[in-house]
Amino acid sequence: MSSVLVNAPRSARRGDVIEIKTLILHPMESGFRAGANGTLIPRDIIERFTCAYNGVEVFRLALSPAIAANPFIAFSTVATETGTLVLRWTGDNGFAVEETLSIAVE
Amino acid sequence: MNRRQRSAASRTAVAALAAAVAVTVTVALAQTPPGTTGDARRSGYHDMGPALRAMQDDDSANPAMLWVRDGEALWNRRLGAAAKACADCHGSAASMAGVAARYPAFDAQLGRPVSLEERINLCRTDRQKAEALAGGSRELLALSAYVALQSRGRPIAPPDDERLRSYVAAGEALFKRRLGQLNLSCAQCHDDNGGRRLGGALIPQAHPTAYPIYRLEWQGLGSLKRRLRGCLVGVRAEPFADDAPEYVSLELFLMRRARGMTLEAPGVRP
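Below is a summary of the structure that appears in this document.

1. Observations concerning the sheet that holds strand β2 (residues 11-12) of chain A
Residue and element names in this part refer to chain A.
Piece 1. Strand order in the open sheet formed by five strands is β2-β8-β7-β4-β5, and the pairing between neighbours is mixed. Of all strands in the sheet, those with a lone pairing partner are β2 and β5 (56-62), marking the two edges.
Piece 2. Pairing analysis gives six bridges linking strand β4 (residues 46-53) to β5, with the strands arranged antiparallel. Note on β5: the bridge partner recorded for tyrosine 53 is valine 56.

This is the structure we're talking about:
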């Protein structure tokens, strides 16, 4: 189960710099913490976040175990043409979440 | 550790704490409240840094909104033997505006005050004929955050209910009662030394203006009850049982203490 909040403009003028803000529910378990019985809790983090604009990767982020739970990622890109932004979070234990946004550029 | 060592260790801890308080008292400055003059009360919001304040103010950066979104889905989901959703009785969640600002309220059927979380669970068991949600569970926090959000920006307005009077008085007495190995009452920190620092951390005035809160230390959403439990452990007292009436009494008193302050739920706190 995963939950994502994305805030991005639905439309923009060509050449505008647009900001995309994302928030995802994830424990980001570092793998260095001991549980109640003293054994290590296995690592469970998001390893990678990418954003593809009409199939072209415009932003990529490698996440580390030091990043807190529920990571907030904000980045900007230039609105070039009408199309879709595909946001992908992938990580440990087969974690994969995809969100597609459409943007109208005039 | 035997008994003597334990009591010696506890004496040392108390002495260290007293020394820390003595040092910070001389350093700390009395803080003036923002906005209203004459009202020395301050929400913990104003004691946070600009980054955290911005995090709370921006709904797309406030992680509590992840729970709120779940709460919205739960509000509209039909469940239980009655196959009813919250929305089937209450309609739009906008009908909940002001509810979080006046709870805990007296429940005539139970003959005692109930908190907002308990109220949600009573609705589940009585109206939806579904199982009650566990205290502190994700679903319960999500629903209470969604309901609390409807009262954002409203002043805290606890009702002057005659039936609540004895419970409020019990809460006030508890607030002023010394507890735990450190032998501290809530009032000694939050009334007498609110705004000052203890071991580098700011002592807030303890106004429940933003619950449920996303606390960075918890890396998740938590209720006022969880916060109270944390304080009890902090003074090394045995926390009350999960369903103890003390929590509701304290909550009742705290809401009256914060009467008129603006509700910011769901907030972000360090």
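2. Quick look at the packing of aromatic side chains
Piece 1. Per the stated rule, a full pass over the model turns up nine aromatic pairs over all chains.
Piece 2. On the basis of an interplanar angle of 70° and a centroid distance of 6.1 Å, the ring pair of tryptophan 75 of chain B and tyrosine 146 of chain B is categorised as edge-to-face. Note that tryptophan 75 of chain B is positioned in helix α3 (residues 64-75) and tyrosine 146 of chain B in helix α7 (residues 138-149), a separation of 71 residues in sequence.
Piece 3. When the centroid spacing of 5.7 Å and the interplanar angle of 80° are considered together, the rings of phenylalanine 240 of chain B and tyrosine 247 of chain B count as edge-to-face. Tyrosine 247 of chain B carries the same exposure label as phenylalanine 240 of chain B, and that label is buried.
Piece 4. Each residue in the set Phe49, Phe59, Phe75 and Trp89 of chain A is aromatic and connected to the rest through ring pairs, giving one cluster.
Piece 5. The side chain of arginine 215 of chain B reaches across the aromatic face of tryptophan 218 of chain B, ending 5.1 Å from its centre.
Piece 6. The side chain of arginine 226 of chain B reaches across the aromatic face of tryptophan 218 of chain B, ending 4.2 Å from its centre.

3. What to know about the packing of helix α6 (residues 116-127) of chain B against α7 of chain B
When two helices pack together, their arrangement is given by the angle between the helix axes and the distance between those axes.
Residues and elements named next belong to chain B.
Piece 1. Direction vectors running N to C along α6 and α7 enclose 110°, while the axes themselves pass 10 Å from each other. Classified by the angle between their axes, α6 and α7 sit roughly perpendicular to one another. Crossing geometry of α6 relative to α7 is assigned as right-handed. Taken together, the residues of α7 that come into contact with α6 (itself represented by Leu116, Glu117, Ile120 and Asn121) are Leu140, Leu143, Ser144 and Val147.
Piece 2. Residues belonging to the contact of α6 with α7 are distributed by class as follows: five nonpolar, two polar and one charged.

4. Side note on the state of the cysteines
Piece 1. By the definition in use, this model includes zero disulfides over all chains.
Piece 2. Cysteine 89 of chain B takes part in no disulfide bond, and the closest cysteine sulfur to it belongs to cysteine 123 of chain B, at a distance of 7.1 Å.

5. Some details on the interface of chain A and chain B
Piece 1. With 14 residues of chain A at the interface, the matching set in chain B holds 14 residues.
Piece 2. Of the roughly 1100 Å² buried at the junction of chain A and chain B (both faces included), carbon and sulfur atoms supply 56%.
Piece 3. Taken together, the connections running from chain A to chain B amount to one salt bridge.
Piece 4. We note a salt bridge from aspartate 58 of chain B to lysine 21 of chain A, for which the minimum N-O separation is 2.6 Å.
Piece 5. The interface formed by chain A and chain B includes six residue pairs in polar contact (both at pLDDT 80 or more).
Piece 6. Breaking the side of chain A that touches chain B down by element, the ones donating at least two residues are β1 (4-7) and β3 (17-24) of chain A.
Piece 7. For the side of chain A that touches chain B, the class distribution of residues is 10 nonpolar, three polar and one charged.

6. Topic: α6 of chain B
Residues and elements named next belong to chain B.
Piece 1. In this model α6 runs 16 Å from its N-terminal to its C-terminal C-alpha over 12 residues, within 8% of the 16 Å that 1.5 Å per residue would give.
Piece 2. By the burial criterion, the buried members of α6 are Leu116, Glu117, Ile120, Asn121, Leu122 and Arg124.
Piece 3. In this structure, the buried residues of α6 make contact with α5 (99-102), β1 (105-107), β2 (112-114) and α7.
Piece 4. A positive phi of about 55° marks lysine 129, the residue just after α6.

Conventions used here
Residues numbered from 1 in each chain as written. Chains lettered and ligands numbered in written order. Predicted model: local features only at pLDDT ≥ 70, side-chain atom pairs only at ≥ 80, totals over all residues. Heavy atoms only, no water. Pairing = 2+ DSSP bridges. Helix = DSSP H or I, 4+ residues; strand = E, 2+ residues; numbered from the N terminus. Phe/Tyr/Trp six-rings, centres within 6.5 Å; stacked < 30°, edge-to-face > 60°. Buried < 20%, exposed > 50% of the residue type's maximum accessible area, 1.4 Å probe, protein only. Lys NZ or Arg CZ within 6 Å of the ring centre and 35° of its normal. Axes fitted to C-alpha atoms, helices over the stretch in contact; angles between N-to-C directions. Parallel < 35°, antiparallel > 145°, perpendicular 65-115°, else oblique. Left-handed = near helix turned anticlockwise from the far one by under 90°. Contact = heavy atoms within 4.5 Å. Nonpolar A, V, L, I, M, F, W, Y, C, P; charged D, E, K, R; others polar. Disulfide = S-S within 2.5 Å. Buried area = accessible area lost by both parts, 1.4 Å probe. Salt bridge = Lys/Arg side-chain N within 4 Å of Asp/Glu carboxyl O. Polar contact = N/O pair within 3.5 Å; in protein donor to acceptor, adjacent residues only side chain to side chain. Expected span 1.5 Å × (residues − 1).

Any functional reading would require information beyond the geometric quantities listed.
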